[in-house]
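So you can see what is in the structure, the chains are spelled out below.
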Amino acid sequence: MMNGKQLSRRQIMAAAGFIGLATLTGCGSGEDGGDSKDLSKKQNGAMKEYRAGQQFKASKPLSFSILHNNNPSYPMKNSWLFWKELTRRTGITLKPIAVPLSDYEKKRSVLIGAGDAPFLIPKTYHPSEAAFVSSGAILPVSDYVHLMPHFQDKVRKWKLEPELDSIRQSDGKYYLLPGLHEKVKSGYSLSLRTDVLDKLGLSLPTTWDQVYEVFKAIKAAYPDRYPFSDRWSTNTPFPAAALLSYLGQAHGVKAGWTYDNISFDSKAGEFVFTGATDGYRQVVEYLRKLVAEKLMDPESFTQPDDDAVQKLLGEKSFAISANPQELVQNYRYNLERQVKGAEIEMVPVPLGPAGPVVIGGARLENGVMISTKAVKSDTFVAMMQFVDWLWYSDEGQRFSKWGVQGVTYTQAGSQYRLEPGISLMGANPDAPKDLQKDYGFFNGVFTYGGSWELVSSSFGPDEKKFQDAMAQYRQLPIDPAHPLQSVEQEQASLWDTPLRDHVTQNMLKFALGKRPLSEWDDYVTELKAKNMDQLVGLHNKARERFNKEKG
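What you see as residue numbers is a count from 1 along each chain, following the sequence as written. Two thresholds apply to this predicted model, a pLDDT of at least 70 for residue-level local features and 80 or more for giving and counting side-chain atom pairs, whereas whole-chain, interface and lining totals are computed over all residues. Values reported for side chains reflect all heavy atoms of the structure, with hydrogen atoms and water molecules removed beforehand.

The name given to the protein chain in an unreviewed UniProt entry is Extracellular solute-binding protein, and the organism recorded there is Streptomyces sp. 900129855.

Brief notes about the packing of aromatic side chains
To pair, rings of Phe, Tyr and Trp, with the six-membered ring standing in for Trp, must have centres within 6.5 Å; the planes then decide the type, stacked if under 30 degrees apart, edge-to-face if over 60, and tilted in the middle. Summed over the entire model, instances satisfying the criterion amount to 32 aromatic pairs. On the basis of an interplanar angle of 85° and a centroid distance of 6.3 Å, the ring pair of Trp402 and Phe442 is categorised as edge-to-face. With Trp402 in helix H13 (residues 394-402) and Phe442 in the loop between strand E15 (433-434) and helix H14 (452-455), this residue pair connects regions lying 40 residues apart in the sequence. Only when the NZ atom of a Lys or the CZ atom of an Arg is both within 6 Å of the ring centre and within 35 degrees of the ring normal do we say a charge sits over the ring. The side chain of Lys219 reaches across the aromatic face of Tyr226, ending 5.4 Å from its centre. Seen from the ring of Tyr333, Arg337 lies directly overhead, with NZ or CZ sitting 3.6 Å from the centre. The numbering of helices and of strands both runs from the N terminus, where a helix is a DSSP run of H or I of at least 4 residues and a strand a run of E of at least 2.

Focus on the sheet that holds strand E9 (residues 344-346)
A pair of strands is labelled paired if DSSP reports no fewer than 2 bridges between them. Here we have 3 strands laid out as an open sheet, ordered E8-E5-E9, and antiparallel in their pairing. Where the open sheet ends on each side, the last strands, each with one partner, are strand E8 (319-322) and E9. For this sheet, the mean angle separating the axes of adjacent strands, direction not counted, is 30°. Across 3 bridges, the pairing between strand E5 (residues 189-193) and E9 is antiparallel. In the sheet register, Ser191 faces E9, and the bridge partner there is Met346. Interaxial angles span 0 to 180 degrees and are taken between N-to-C directions of axes, which are lines fitted to C-alpha atoms, for helices over the stretch in contact.

Comments concerning helix H9 (residues 278-292)
A helix is expected to reach a length of 1.5 Å times the quantity of its residues less one. The end-to-end C-alpha separation of H9 is 21 Å, in line with the 21 Å expected for 15 residues at 1.5 Å each. Regarding H9, the residues found buried are Gly279, Tyr280, Val283, Val284, Tyr286, Leu287, Leu290 and Val291. All buried residues of H9 lie within an arc of 155° about the axis, which places them on one face of the element. The elements touched by buried residues of H9 are helix H7 (208-221), helix H8 (241-250), helix H16 (486-512) and helix H17 (520-529). Trailing H9 by a residue or two, Lys294 shows a phi angle of about 60°, which is positive. Think of it in three bands: with a 1.4 Å probe and only protein chains considered, a residue is buried below 20% of the maximum accessible area for its type, exposed above 50%, and partly exposed in between. Here the arc refers to the directions that run from the helix axis out to each C-beta atom. It only takes one pair of heavy atoms within 4.5 Å for two residues to be counted as in contact.

A few points about the environment of Asp209
The residue Asp209 is located in helix H7 in this model. For Asp209, a relative accessible area of 57% puts it in the exposed group.

A short note on the nonpolar core
Grouping buried Ala, Val, Leu, Ile, Met, Phe, Trp, Tyr and Cys residues that are joined through side-chain atoms within 4.5 Å yields what is termed a nonpolar core. By size, the foremost hydrophobic cluster in this structure holds 76 residues, and its most contacted members are Leu190, Phe215, Leu243, Phe273, Tyr280, Leu287 and Tyr331. If we ignore the near neighbours within four places in the chain, the residues touching Phe215 are Leu190, Leu192, Pro227, Phe228, Leu290, Leu295 and Ala319. Tyr144, Leu164, Trp391 and Tyr416 belong to the second-largest nonpolar core, a separate cluster that totals 66 residues.

Observations regarding unusual backbone geometry
Geometrically, the link from His126 to Pro127 is a cis peptide bond, its omega value of 10° lying close to zero. Within the element layout of this structure, Pro127 appears in the loop between strand E3 (120-124) and helix H4 (149-157). For Ala240, which is not a glycine, the phi torsion comes out positive at approximately 50°. Within the secondary structure layout, Ala240 lies in the loop between H7 and H8. A residue is classified by how much of its surface remains accessible, and Ala240, at 0% relative accessible area, is buried.

Description of the side chain of Ser321
Mapping Ser321 onto the fold places it in strand E8. Nitrogen and oxygen atoms within 3.5 Å of one another constitute a polar contact, given that in protein one can donate a hydrogen and the other can accept it, and given that sequence-neighbouring residues count only through two side-chain atoms. A distance of 2.7 Å separates the side chain of Ser321 from the side chain of Tyr246, its partner in a polar contact.

Here it is as structure tokens:
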């Protein structure tokens, strides 16, 4: 609140997350009765003075329920040091409801729909929170970030307001507390057998044109093999999801894992349909060229990951998509054991027509939804302070990631070292204990985002080199806010899926030569028949409306 008056919708949006509102007198939505506005009766266990840089400690022991995405790589244990130490530091006991990773989204929807959701619902990826907005089951968290000094501090310091604007709903509020990154962290690129390149007198490619030339030279030397056989095509909504993401990035378009039907064309000043753009067509044409000239294994779009990796290890191929972890723990580790003198490197994302760019909006990560039931509790303020400390303070983030200094790690300056006898994702592989499995730290439910110093503290030499190179790329502008109203949201989701499916199926047909690229215009006409223009129109209308209301 300001001067005891309710903030107008325009002020709420302009305030971009209530930066600087530090009072505890609450700014409720103003549309849901008086219940959630007055926080004076909801301060049971809260700290009277809680500021950025301060350790949160509840004034009395409290417990909160939380949905826990149970990762099969480190199944949840009640004996984890994480739980015990968290209670010791904060006075809060978390009561986890463990849900298998494979079933998480479905189970989350069922619990929320039945009114049985716990107070804290983490591991939620935007825009999946939108489905729960109209029912009123989750909290418009932007109304309560004035209770979260660390969150506000990072938004202000790292200038994240445009990113937060991009996740607002049609009422101007956002319903997800996302992970906040100081810098964009890139994940995937191409890796190549450097010993083979050396033998052929080739350098590591830095552009997609060079990638093509390198593949052609490898093909000439090994005519019976595919230079490139890829993975990340099964258990993902898109075939070759990683390759398409970073190849798309080089063309300035969202593809693969980052694909979205709607993209903003900053030159035209309007939203367009991604799968019908020139950039997307160029991505498909490039794939077609690789497949047609037998430089890329056509099974790349359908094979399980293990098959792709086995082809690399069996020298049936010499290039594969990678992330830094897979490069070190899987490809290099196994190649060194199987192929004498084998060496493999991951290159910074090769450059294409768009130049050295990364897709905008990548500084937000999955985040936490809060059940509307929580605001009715007399411990609501303490809970928001706790969420702020654990997910957004430097200290809370360090704790979630590395654990307890002197027990699980030691720190000297920005150098973090695991204590002897503890392994983590391939580091100290012979150690008897594992930081994730045995202690519960570095858990994806709690560990994401943060300062570059903390995010990079777990990088090995390869990742450090890769991320340093990628840090030189510039981020493309973030798509402007264009929140849909609930009726529009329902309409859009009916159109979205058939359109997305048509884009995916035809990308495959074009790439594999089952449909000639001369039929591109016919393909666009088919998209129009599936309401492409209506979907784009809906988003452009929403953007105009949001701009008008924001003033």
